[in-house]
Structure formats: structure tokens, C-alpha cells
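For reference, the chains in residue letters:
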Amino acid sequence: DERDEMRVWIEHATGLAARLPAGARPWPLPPAIMEGELWLAVDDHAQAEAAFTRALASAPSPSPAALRGLARSRARRGDLAGGCAPFREALALVQPTRADGPLAVEARAFLVLCK
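Just so we're clear, the structure is a prediction, and the values are computed from it rather than from any experiment. Once a new chain begins, its residue numbering starts again from 1 and follows that chain's sequence as written. Thresholds applied to this predicted model are a pLDDT of at least 70 for local features of residues and 80 or more for the giving and counting of side-chain atom pairs; totals over whole chains, interfaces and linings are not thresholded and use all residues. Each side-chain value is worked out from all heavy atoms of the structure, with water and hydrogens disregarded.

How should the overall build of the protein be read in this particular structure?
In terms of helices and strands, the protein carries six helices and zero strands. When the helices and strands of the protein are placed in sequence order, the string is α-α-α-α-α-α. Rg of the C-alpha trace for the protein: 15 Å, near the compact-globule value of 13 Å for 115 residues, within the 12% margin. Per-residue accessibility, obtained with a 1.4 Å probe over protein chains only, is compared with the maximum for each type, and a residue is labelled buried under 20%, exposed over 50%, and partly exposed between these values. The buried share of the protein, reckoned over its 115 residues, is 37%. Whether two residues are in contact is decided by their heavy atoms: any pair within 4.5 Å suffices. Within the protein, contacts between residues at least 6 apart in sequence are counted, and of these 43% link residues at least 24 apart. Positive residues here are Lys and Arg, negative ones are Asp and Glu, while His and the chain termini are left out of the count. Charged groups are reduced to one reference atom each: NZ for lysine, CZ for arginine, CG for aspartic acid, CD for glutamic acid. The averaged location of the 14 negative side-chain charges in the protein is 8 Å from the averaged location of its 14 positive side-chain charges. Strands here mean DSSP runs of E at least two residues long; helices mean DSSP runs of H or I at least four residues long; both are numbered from the N terminus. Radius of gyration here is computed from C-alpha atoms only, and the compact-globule reference equals 2.2 Å multiplied by the residue count raised to the power 0.38.

Following this line, the structure appears as C-alpha cells:
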């Protein structure tokens, strides 16, 4: 029920972010990653995957959060194999500094399924 209203809020936030000067970050995450997380929360995994894909395409370097979201989206759509590469890449990015962090733990647990 909340998807239409959420879409309006996402479009509003994305529009605001587009008007901000380059480098300004009023939110803790880029809007496309927040959008992906919101779509995951309401089980719209196709929309979530599209948002995380946009987040990765628009960033100068891959974000572990966007990679995790992409992997989760694909896995929840039934594409376990499609979730393996993003989780591998996310784990490689966080391994040097946050090897015991929640993202690394989740990635390692998922990657057991990828053999």
C-alpha cells in the first residue's frame, strides 16, 4: 500500500539531491542507495536492483553498501548466482579495514552458497 507514496518521496529526495552542489551530502547515503534499501524493505526487489545498479554506475568507485544491496536484491529475486559477484567485491573492499563488520560477516555467509 505504501509503494506509491514512497515513490513520490523517493522522487522528491532524488530531485533535491540533483540540485545540490557537487560533493554536498546531506544524507548518510547517496539517494540511489537509500532508494534501493527502501525498495528492499517493501519487497520490490526489481526496483531495488535497479536503484543499486544506478548507484554503482554513478559512483566514481564501488560502494560496499551498494554492492551488498545489489547482491541482496538479486538473491531475493531468486538469482543466487547473480548475488555472488557483488558480495565478493564488497567483501574485498571491506576486508582490509572491517573484516569482522556486519557486511563482511553477511558476505562470507552468503558466499558459502556460491561454490
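In this structure, what is going on with the pattern of salt bridges? I would like to understand it.
Pairing between side chains of opposite charge can happen when the charged atoms of each approach one another. Each salt bridge in this description consists of a side-chain nitrogen of Lys or Arg and a carboxyl oxygen of Asp or Glu lying within 4 Å of one another. Taken as a whole, this structure holds five salt bridges when the rule is applied. In this structure, the salt-bridge partner of Arg74 is Glu49, at a minimum N-O distance of 3.3 Å. With a gap of 25 residues between them, Arg74 in helix α4 (residues 64-76) and Glu49 in helix α3 (residues 45-58) connect regions that are remote in the sequence. For Glu49, a relative accessible area of 16% translates into the label buried. Ionic pairing is found between Arg77 and Glu49, a salt bridge with its closest N-O pair at 2.7 Å. With a gap of 28 residues between them, Arg77 in the loop between α4 and α5 (80-98) and Glu49 in helix α3 connect regions that are remote in the sequence. When salt bridges that share partners are traced, they join Glu37, Arg72 and Glu106 into one network.

Help me understand the side chain of Arg68 in this model?
For Arg68, the position within the fold is in helix α4. An unpaired buried charge is present at Arg68: no salt bridge exists, and Glu106, the closest side chain of opposite charge, is 4.4 Å distant. If near-sequence neighbours (up to four positions away) are discounted, Arg68 is found in contact with Phe87, Ala90, Leu103 and Glu106.

What exactly am I supposed to notice about the packing of α5 against helix α6 (residues 102-111) here?
Between two packed helices, both the angle of their axes relative to each other and the distance between the axes serve to describe the pair. Packing of α5 against α6 leaves a shortest axis separation of 8 Å and a crossing angle of 140°. Handedness of the crossing formed by α5 with α6: left-handed. Facing Leu80, Gly83, Cys84, Phe87, Arg88, Ala90, Leu91, Val94, Gln95 and Arg98 of α5, the residues of α6 in contact are Leu103, Ala104, Glu106, Ala107, Arg108, Phe110 and Leu111. Side-chain classes are defined by residue name, with Ala, Val, Leu, Ile, Met, Phe, Trp, Tyr, Cys and Pro counting as nonpolar, Asp, Glu, Lys and Arg as charged, and the others, Gly among them, as polar. A per-class count over the contact of α5 with α6 returns eleven nonpolar, two polar and four charged. Here an angle of 0 to 180 degrees is reported between the N-to-C directions of two axes, which are lines fitted to C-alpha atoms, with helices fitted over the stretch in contact. By convention, the crossing between two helices is left-handed when the near helix turns anticlockwise from the far helix through less than a right angle, and right-handed when the turn is clockwise.

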